[in-house]
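Architecture at a glance
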Amino acid sequence: MKTFVLATANAHKVDEIREILADLNLVLLNRPSDVPEVVEDGETLEDNALLKARALVAATGHAAIADDTGLFVDALGGAPGVHSARYAGSGATDADNVRKLLDALRGLDATERGAHFRTVAAVAYPDDSWFVVSGEVSGTITEVPRGDQGFGYDPIFAPQGLRGRTLAELSSSEKHALSHRGNAFRELVDALRLR
Ligand code: ITT
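In this report, the structure presented in the accompanying data block is examined. Numbers given for residues are sequential positions, taken from 1 along each chain in its written order. Per-residue local features of the predicted model are confined to residues with pLDDT of at least 70, and side-chain atom pairs are confined, for both listing and counting, to 80 or more; whole-chain, interface and lining totals are unaffected and use all residues. Note: side-chain values were computed over all heavy atoms of the structure, leaving out hydrogens and water.

**Looking at the overall build of the chain**
Secondary structure assignment for the chain yields 5 helices and 7 strands. Numbered from the N terminus, helices here are DSSP runs of H or I no shorter than four residues, and strands are runs of E no shorter than two. Mapped from its N terminus to its C terminus, the chain presents α and β elements in the order β-α-β-α-β-β-α-β-β-β-α-α. To get the radius of gyration, use the C-alpha atoms; to get the globule rule, take the number of residues to the power 0.38 and multiply by 2.2 Å. The C-alpha radius of gyration computed for the chain amounts to 17 Å, which stays within 12% of the reference 16 Å derived for 195 residues, consistent with globular compactness. Structurally, the chain occupies a C-alpha span of about 50 × 30 × 25 Å along its principal axes.

**Things to note about the site of the ligand**
Nearness here has a simple test: a residue counts as near a molecule or strand if at least one of its heavy atoms is within 4 Å of that partner. Around the ligand, the surrounding shell holds 21 residues, and the nearest of these are Thr-8, Lys-13, Glu-40, Lys-52 and Asp-154. Side-chain atoms alone can form a polar contact between residues adjacent in sequence; in general such a contact is a pair of N or O atoms within 3.5 Å, and within protein one must be able to donate a hydrogen while the other accepts it. At a separation of 2.9 Å, an oxygen atom of the ligand approaches a polar side-chain atom of Asn-10. Tyr-153 is positioned such that a nitrogen or oxygen atom in its backbone is 3.0 Å from a nitrogen atom of the ligand. Here the accessible surface of atoms and residues is derived via Shrake-Rupley with a 1.4 Å probe, and residues count as covered only by protein chains that are part of the display. Look at the ligand: alone it shows 610 Å² of surface, and the protein chains cover 92% of it. When residues of the shell around the ligand are traced back to their parent elements, those giving at least two are β3 (63–73), α3 (94–104) and α5 (180–193). A total of 3 residues in the shell around the ligand trace back to one element, the largest contributor, which is β3. Tallied by class, the residues present in the shell around the ligand amount to 5 nonpolar, 7 polar and 9 charged. Polar here means any residue other than Ala, Val, Leu, Ile, Met, Phe, Trp, Tyr, Cys and Pro, which are nonpolar, and Asp, Glu, Lys and Arg, which are charged; Gly is therefore polar.

Encoded structure:
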């Protein structure tokens, strides 16, 4: 069985990745707690996903899977994008980030609130080989948060085609079926099968 260490320090992302990959015959190890967090100073999601994956290969000797995700808001020229985790400052909580984004879009109507999530998943191996895949979902930013499932920006992101329901109003399996992370990790599964 293939073994991978999951590079993410975000427990919600660990849960989602484990759920999405559950049917595969993979051993998934959690990131050891003594491995310091990587400074995510890349300019793109690809850069940061690879930084995280390679750091965990170096720290553990295992192949590693990393995910870097951003929310790209049209009216803000793509912000917060690669800086989504720190949008409201270093140490910002999900609630801080959500509040700042709603404030930035105050007064804009639904047609001006377009956005997409993008996830880049990177796999890195001890022999220095690697690959990346990505997935997206398009939608709009709601005017108020709704729902208590999911995490991060989920309560204010309404995917296209769901009549305004937010990602935080979906069950986890409904979210994975259409989400940026679901789409990226389905690509990752296909890529792993070819190796
Ligand atoms: P790691 O770097 O340890 O993986 P992180 O929380 O920093 O964890 P990201 O950089 O990928 O992860 O996340 C960027 C931000 O986007 C962060 O604020 C997350 O809460 C948010 N985010 C990521 N995936 C999300 C999702 O599926 N739904 C809503 N928000 C999400």
